[in-house]
Amino acid sequence: MKIGIIGAGSMGGILARHLAEIGHHVSIANSRGPESLTGSAAEIGATPVSVVDAARAGDIVILAIPTKAVADLPRGLFANVPSRVVVIDIGNYHPELRDGRIDAIDRGMLDSPWVAREIGRPVIKAFNSIFSESLRTKGVPRGTRGRIALPVAGDSPDAKAAVLRLVDDLGFDPVDGGSLDDSWRQQTGTPAYCRDLEAAALRRALAEADRSRIAEYRAEQEARIRRSL
Ligand SMILES: NC(=O)c1ccc[n+]([C@@H]2O[C@H](COP(=O)([O-])OP(=O)(O)OC[C@H]3O[C@@H](n4cnc5c(N)ncnc54)[C@H](OP(=O)(O)O)[C@@H]3O)[C@@H](O)[C@H]2O)c1
């Protein structure tokens, strides 16, 4: 497949490398332009492009940027991108540590529906609930004992199926996380978040999450990160 990645940091770089390794044609962009990525992209096996070209790169586009940066993307970025192209949001809103306050999310909108509204395009939420180091090192072939599972949430069955396959191809057990309205179950700090769980445990963790605690889960996770810095 042709895959565009917007964001070439920890997560974007690892996804680009692993996707290229399994045979996908990967284009990658950052905020500073393709010239700044020439060396790293060549080493990864990806093509450095502009943000606009990454959005037009093909079958799947992955948003791997801080949540606050979504609002800075070019207006109408996806306007001429065919609707069959799947957009994956891997982001997590971190108001205290990184993003500053985003009123709509603070008032109760979920992270990925906010991203979808900003870019004017449905998204699938995936890869947000695994730390970069686990993503980098812990993918294993299907059937391996202890294989980590990752949730995928979204509204289009076809788009979600494509992302579930991608998760599997990258070495993780894919778990259907429901609709985008269910995506709070895999947001920052929830029981399913970044705990490297196997499929059965991940399903239990998704089920036991408490919607009334979304802001609390997030704040607790931000406090944990702050303590670890
Ligand atoms: N790190 C993790 O373990 C982890 C795990 C799961 C999910 N996530 C989420 O994944 C997202 C990316 O995290 P990360 O750790 O990969 O971040 P990161 O290492 O800080 O990298 C961010 C990337 O986004 C690019 N970027 C920023 N603003 C942009 C814009 N307006 N247009 C194009 N590119 C832009 C940056 O490009 P420049 O360098 O050129 O500015 C950089 O390449 C975040 O939402 C994060 O919460 C992270």
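In case you missed it, the structure is sitting above this.
Residues numbered from 1 in each chain as written. Predicted model: local features only at pLDDT ≥ 70, side-chain atom pairs only at ≥ 80, totals over all residues. Heavy atoms only, no water.

Visitor: If you had to explain the overall build of the protein to someone new, which residues and values would you point to?
Guide: A count of helices and strands for the protein gives eleven helices and eight strands. Here the C-alpha atoms of the protein give a radius of gyration of 16 Å, agreeing with the 17 Å that 2.2 N^0.38 yields for 229 residues. Along the first, second and third principal axes, the C-alpha set of the protein runs to 45 × 45 × 40 Å. In the protein, which comprises 229 residues, the proportion classed as buried is 53%. Contacts spanning at least 24 positions in sequence make up 68% of the contacts within the protein whose residues lie at least 6 apart. Looking at the protein as shown, the accessible area adds up to about 10500 Å², and 49% of this sits on carbon and sulfur atoms. With 30 positive and 29 negative side-chain charges, the protein shows a separation of 1 Å between the mean positions of the two kinds. (Helix = DSSP H or I, 4+ residues; strand = E, 2+ residues; numbered from the N terminus. Rg over C-alpha atoms; globule rule 2.2 N^0.38 Å. Buried < 20%, exposed > 50% of the residue type's maximum accessible area, 1.4 Å probe, protein only. Contact = heavy atoms within 4.5 Å. Areas by Shrake-Rupley, 256 points an atom, 1.4 Å probe, with all protein chains shown as cover. Lys, Arg positive; Asp, Glu negative; His and termini not counted. Charge placed at Lys NZ, Arg CZ, Asp CG, Glu CD.)

Visitor: Break down the sheet that holds strand 5 (residues 86-89) for me, citing the residues and quoting the values.
Guide: The strand order 3-2-1-4-5-6 describes an open sheet built from six strands, whose pairing is parallel. In the strand order of this sheet, the two ends are held by strand 3 (47-48) and strand 6 (124-125), each with one partner. As paired strands, strand 2 (residues 25-29) and strand 3 are joined by two bridges and run parallel to one another. Opposite S27, over in strand 3, you have T47 as the bridge partner. (Pairing = 2+ DSSP bridges.)

Visitor: Please provide a residue-by-residue account of the site of the ligand, values included.
Guide: As a matter of local geometry, the ligand sits amid 26 residues, with A8, M11, S31, R32 and S132 nearest to it. The side chain of N30 places a nitrogen or oxygen atom 3.4 Å from an oxygen atom of the ligand. The separation between an oxygen atom of the ligand and a polar main-chain atom of S132 is 2.9 Å. With the chains in place, 78% of the 900 Å² that the ligand exposes on its own is no longer accessible. Class assignment for the residues of the shell around the ligand results in 13 nonpolar, ten polar and three charged. (Near = heavy atom within 4 Å. Polar contact = N/O pair within 3.5 Å; in protein donor to acceptor, adjacent residues only side chain to side chain. Nonpolar A, V, L, I, M, F, W, Y, C, P; charged D, E, K, R; others polar.)

Visitor: How would you explain the pattern of salt bridges if you had to name every residue and give the values?
Guide: Here the structure, examined in full by the defined rule, presents 17 salt bridges. Between D196 and K138 there is a salt bridge, and its shortest N-O distance comes to 3.0 Å. You can see D196 sitting in the loop between strand 8 (173-176) and helix 10 (199-208) and its partner K138 sitting in the loop between helix 8 (132-137) and strand 7 (149-152), a full 58 residues away along the chain. Of the charged contacts, one joins D181 and R211 as a salt bridge, the two residues approaching to 3.5 Å between their closest N and O atoms. Of this pair, D181 sits in the loop between strand 8 and helix 10 while R211 sits in the loop between helix 10 and helix 11 (214-228), placing them 30 residues apart in sequence. In this structure R211 comes out as partly exposed when scored by relative accessible area, which is 39%. The network of salt bridges with common partners includes R142, R147, D168 and D173. (Salt bridge = Lys/Arg side-chain N within 4 Å of Asp/Glu carboxyl O.)

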